[in-house]
Amino acid sequence: MRTDTSPTIYRHDYVPPAYWVETVEMGFDLDPALTRVATRLTVRRNPEGRTNTLVLCGESVELVQLQINGKRLASGDYQLGNGLLQIPNMPDQASVDIETAIQPEQNTSLMGLYVSNGNFFTQCEAEGFRKITYFPDRPDVMAKYKVMLRADKKKYPVLLSNGNLIEEGDLGDGRHYALWEDPFNKPSYLFALVAGNLVCQEEKFRLEDGRDALLQVWVEEGNLDKTQHAMDSLKNSIRWDEERFGLELDLDRFMIVAVGDFNMGAMENKGLNIFNTKFVLANPRIATDTDYANIEAVVGHEYFHNWTGNRVTCRDWFQLSLKEGLTVFRDQEFSADMIGTASGRACKRIEDVRVLRQAQFPEDAGPMAHPVRPDSYVEINNFYTVTVYEKGSEVVRMYQTLLGREGFRRGMDLYFARHDGQAVTCDDFRAAMADANDRDLTQFERWYSQAGTPRVKAETRYDSEAHTFELTLSQSCPPTPDQERKLPFHIPVAVGLVGPNGHDIPLHLDGAPQENIHGQGTIVLELTQARQTFRFNRVTEKPIPSLLRDFSAPVILEFEYSDDELAFLMAHDSDPFNRWEAGQRLASRHLLALATSSQGSGTSGDTADEAGLGQAFHKTLNDTSLEPAFRELALTLPSESLLADQLEVIDPQAIHRARVSLRKVLAENLREDWLATYHANQTPEPYSPDARSAGRRGLKNTALSYLCELDDAAAHELAQEQYDNAGNMTDRVAALAALVNSSAPGKAAALEHFYTEFEREALVVDKWFMLQGMARATDVAAVRKLMRHPAFTLKNPNRARSLIFSFCNGNPAQFHAPDGSGYAFWAEQVIALNAINPQVAARLARSLERWRKYTPELQAKMRPALEQVARTKKLSKDVLEIVTKALEN
Ligand code: B3K
Ligand code: ZN
């Protein structure tokens, strides 16, 4: 182990900085080959600090010069090494001048200052600022920044940084400058600059307090026809935060910039959000309904960070969920409110829970399991996880479930009243929620400190004479790395009791204060012990319990429903989430039985039990009182990865066969219904991404994909016709996917047509690769062949993800080929990416982390692949942390 170069960082080792930084003035002479950065810091000793040594971080930067209070330091006056510049014997106050030289063009990590398609961009979160200059690069050091950018005027006509533009002008010599000042204190991770040949769509927007803000969306030339949706999403976000949380935009100018080379989705730099093009550019020709929805969500997310993250930031990176969990919660609520209808909100909730279960539950059960507030890390970039983000959001949602919307708002108000301008902890947030509502949330802390997905087991007892219904809930949580035993969580469990007529029974909880909940159809029980019994009175008929309504807590609920009860809930539950859930449980039950009975046999197992499921599906499919979007979700079978997570031992082939065979049965038995649904949900009017139209398209395309399971001429024709006549990308790509996964004669021609039609649209070429990476017939050899396509490159993260990640994560039956060829391929790509971009490599490395869950035969082929990666020379700490943990746990 290379513990010398990659030490583990522990939360408990936090010490306040010895020096605060009050102001930062920076001058950039931008040049792709060699950029010079002059930085002047004014620093002041922290009375709570423990030393008089100023500690600055630096990585891949050349130190050209260093001065304290105008006096140049000799090399003996400071220590340089291990990524740190340490200056001992500092005065209490000083001005520190640092000159560094960096090579943006050589920077393929896409952290710090880098070049993408000839333009300059930065990414500083979490620890990228240290790749620009030496600095106390930690989020609790907040300062005011003034930034001077100088560059060639022709090549880089646009020069942007955080805050307000103070001055701009010519420098003679073909160069020009721009001076920016950010009026707010901020941590270094929120620093940003952009320089290049860009154009913008801009609008003035009236804020609630009467001020006008200038909103801009910056893109490369030729993309101005794709910015309107991002602009609309930004305006909607600003309005929503004013209305829902009373939070206003605090700047006169707010900029979004799109860049094609980006490690993640987007970044909330103060006043200058930088986005992956994927989450900005859209028009009906190139973007799907899902793209539109994602753009709205990500624009919202980054905008909401302006308060939850920027105005109040994190004391240290262990508190990451303080901003991320909260901001994901806010963007989820924003998207739900934008849809507006109850059914639409439920669909959004279902989609969010699906992500949680598909990605976070497995993380919580694997070697990388960590609490929402982790206790240690080797590389912080590895902890931008679904646990910190999505489970973090569920934790925030539980406050709202426990305190009510108004109580939650009171907590938010107190949080900002107390902490505006500060760098704080998850405990501070919890304290604000508790204090504003006079509630004891001590036990709730365990959601932050304990990893693992809790299991809640429910048992019921109905007394038909006493008319009582008892619900006993018990909780447990499996061990996770470094956490053998867990203490009980504080779990809000929303329940209803559904009577034989399908209606909710008015609830009379024994011992509950009557005025609170008397007669309601749903109440929130608080499970705080390992085991607790709740009794309902005046229950005159035996009900079916509807538990964990709206998914009130991120837990796995165990209750022995019969197939009939599930079908009943699927048809009647007043809680749309649980209606969907009942159908998913029913389908999972069948699929898991199929998968285990066929394991290893190569056949698709017994399908005798499918009648009940078929009937339930038939009913949902034809129930036009349900929104199309809801029907689509209800008719989509649990994914292969979701099913895998429910099995003791994963056999990806068996799961794949089971799911495909059930889809074929449902396609066959409901053929006429699918066809009718297909025709009934056309959207001939001009394209609009609104939730209703998107729902219709979604349902129609689901029908098409079922019909294509039949793989007959009629289905091929239908898909081909849709492909040929599609008026938008949603319909086009859905038809192409249906063709590619069939044996339609026209599929090769359609693939080629699609490429030729869209080869100049990088985001659409990504779709082309992705669709093939996930296609049933795509094996390792086919992926290798696609990698030789001239449009493929590992250097662009979107492109790498579109093919490699979609194959390794989205095509389990082929990736887990019994001969292990998928694993050898995976190792090769992780190693290749490691040399280019450690963050992207580490993400890919995670595809094999749960190797111990697979059949012994597959494990025997996975281990050597993991070991091969672990042995690689010059392995980044990003990848090293992942493979080490995978091999150890
Ligand atoms: N805060 C950034 C994520 C930065 C990731 C650094 N590896 C985006 C977001 O969550 O909004
Ligand atoms: Zn975020």
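Per an unreviewed UniProt entry, the chain goes by Aminopeptidase N and derives from Keguizhuia sedimenti. The UniProt entry for the chain carries the following comment under Cofactor (unreviewed entry): "Zn(2+)". Word for word, the UniProt comment on the chain under Sequence similarities (unreviewed entry) is "Belongs to the peptidase M1 family."

Chemist: Please clarify how the overall build of the chain should be interpreted in this entry.
Modeler: The secondary structure content of the chain amounts to 27 helices and 31 strands. Computed over its C-alpha atoms, the radius of gyration of the chain comes to 28 Å, within 12% of the 29 Å expected for a compact globule of 889 residues. Overall, the C-alpha framework of the chain stretches about 85 × 70 × 60 Å when taken along its three principal axes. Split into buried and exposed, the 889 residues of the chain put 59% on the buried side. Excluding contacts between residues fewer than 6 apart, the proportion of contacts in the chain whose partners are at least 24 apart in sequence is 71%. Accessible surface, the chain: about 34,300 Å² in total, of which carbon and sulfur atoms supply 48%.

Chemist: Would you mind showing me how to read the domain arrangement of the chain here?
Modeler: Note: interface size is frequently given as the accessible area lost on complex formation between the parts. Partitioning the chain into domains gives domain 1 (9-196), domain 2 (312-558) and domain 3 (576-888). Between the C-alpha centres of domain 1 and domain 3 the distance comes to 44 Å. Taken over both partners, the interface formed by domain 1 and domain 3 buries close to 380 Å², and the fraction arising from carbon and sulfur atoms is 49%. Its largest share of buried area at the contact with domain 3, domain 1 owes to T108, S109 and L110, together 82% of the area lost on that side. Across the contact surface, domain 1 and domain 3 share zero salt bridges. At the surface where domain 1 touches domain 3, the tally comes to one residue pair in polar contact (both at pLDDT 80 or more).

Chemist: Mind showing me how you'd approach the coordination of the zinc ion (ligand 2) here?
Modeler: Around the zinc ion (ligand 2), the protein supplies H301 (NE2), H305 (NE2) and E324 (OE) as donor atoms, at distances of 1.9 to 2.0 Å. Coordination of the zinc ion (ligand 2) draws on donor residues from a single chain, spaced H-x3-H-x18-E in sequence. One end of the pair, H305, is in the loop between α2 (289-304) and β22 (313-314); the other, E324, is in helix α3 (residues 320-339), with 19 residues separating them in the sequence. E324 carries the same exposure label as H305, and that label is buried.

Chemist: What is the right way to look at the nonpolar core in this model?
Modeler: A general feature of soluble globular proteins is that nonpolar side chains tend to end up buried together. Residues F536 and W826 are the most contacted members of the largest nonpolar core, which totals 276 residues. Of the residues forming this core, the biggest block, 11 residues, is contributed by helix α5 (residues 386-419). Beyond its immediate sequence surroundings of up to four residues, W826 is in contact with C808, F815, L844, A845, S847, L848, A865, L866, V869 and V883.

Chemist: Looking at this structure, how should I read the sheet that holds strand β29 (residues 531-536)?
Modeler: Sheets are built from strands that pair by backbone hydrogen bonding, the pairs being arranged parallel or antiparallel. Read from one edge to the other, the open sheet built from four strands follows the order β29-β26-β25-β31, with strand pairing classed as mixed. What marks the edges here is a single partner per strand, and that holds for β29 and β31 (556-558). Each adjacent strand pair in this sheet contributes to an overall mean axis angle of 20 degrees, direction not counted. Relative to β31, strand β25 (residues 455-463) runs parallel, the two sharing three bridges. Its bridge partner lying in β31, K457 is registered against E558.

Chemist: Whenever I open this one, the side chain of E640 confuses me. Can you help?
Modeler: Counting through the fold element by element, E640 comes out in helix α13 (residues 640-645). Although E640 is buried, it forms no salt bridge, and the closest oppositely charged side chain is R659 at an N-O distance of 4.8 Å. Here E640 is in contact with I655, H656, R659, P812 and A813, once residues within four sequence places are set aside.

Chemist: Where do I start with the site of ligand 1 in this structure?
Modeler: Around ligand 1, 15 residues are found, and the nearest of them are E125, E268, E302, N381 and Y389. One of the side-chain nitrogen or oxygen atoms of H305 is found 3.2 Å away from an oxygen atom of ligand 1. Here a nitrogen atom of ligand 1 sits 3.4 Å away from a polar atom, N or O, in the side chain of Q839. Considered on its own, ligand 1 offers 340 Å² of accessible surface; in the complex 95% of this is hidden by protein. Among the elements of the structure, β20 (266-267), α2 and α3 are those that each provide at least two residues to the shell around ligand 1. Looking at the shell around ligand 1 residue by residue, the class counts come to six nonpolar, four polar and five charged.

Chemist: How should I be thinking about the pairing of strand β18 (residues 212-220) in this particular structure?
Modeler: Across a regular strand the side chains alternate sides, sitting on one face of the sheet and then on the other. Direction of pairing for strand β17 (residues 198-206) relative to β18: antiparallel, over a ladder of nine bridges. Bridged to Q201 within β18 is V217. The hairpin turn running from β17 into β18, its antiparallel successor, is five residues long, and G210 in that turn takes a positive phi close to 95 degrees. Direction of pairing for β18 relative to strand β19 (residues 253-259): parallel, over a ladder of five bridges. Of the residues in β19, the one forming a bridge with W218 is V257. Between β18 and its parallel partner β19, the chain crosses via helix α1 (residues 228-245), and the hand of that crossover is left-handed.

Rules and cut-offs
Residues numbered from 1 in each chain as written. Chains lettered and ligands numbered in written order. Predicted model: local features only at pLDDT ≥ 70, side-chain atom pairs only at ≥ 80, totals over all residues. Heavy atoms only, no water. UniProt positions renumbered as here; feature names shortened; annotations may be inferred. Helix = DSSP H or I, 4+ residues; strand = E, 2+ residues; numbered from the N terminus. Rg over C-alpha atoms; globule rule 2.2 N^0.38 Å. Buried < 20%, exposed > 50% of the residue type's maximum accessible area, 1.4 Å probe, protein only. Contact = heavy atoms within 4.5 Å. Areas by Shrake-Rupley, 256 points an atom, 1.4 Å probe, with all protein chains shown as cover. Domains from an automatic or database assignment. Buried area = accessible area lost by both parts, 1.4 Å probe. Salt bridge = Lys/Arg side-chain N within 4 Å of Asp/Glu carboxyl O. Polar contact = N/O pair within 3.5 Å; in protein donor to acceptor, adjacent residues only side chain to side chain. Donors = N, O, S within 2.8 Å, 3.2 Å for Na, K, Ca; no water. Core = buried A, V, L, I, M, F, W, Y, C linked by side-chain atoms within 4.5 Å. Pairing = 2+ DSSP bridges. Axes fitted to C-alpha atoms, helices over the stretch in contact; angles between N-to-C directions. Lys, Arg positive; Asp, Glu negative; His and termini not counted. Near = heavy atom within 4 Å. Nonpolar A, V, L, I, M, F, W, Y, C, P; charged D, E, K, R; others polar. Right-handed = clockwise from strand over helix to strand, strands pointing away.

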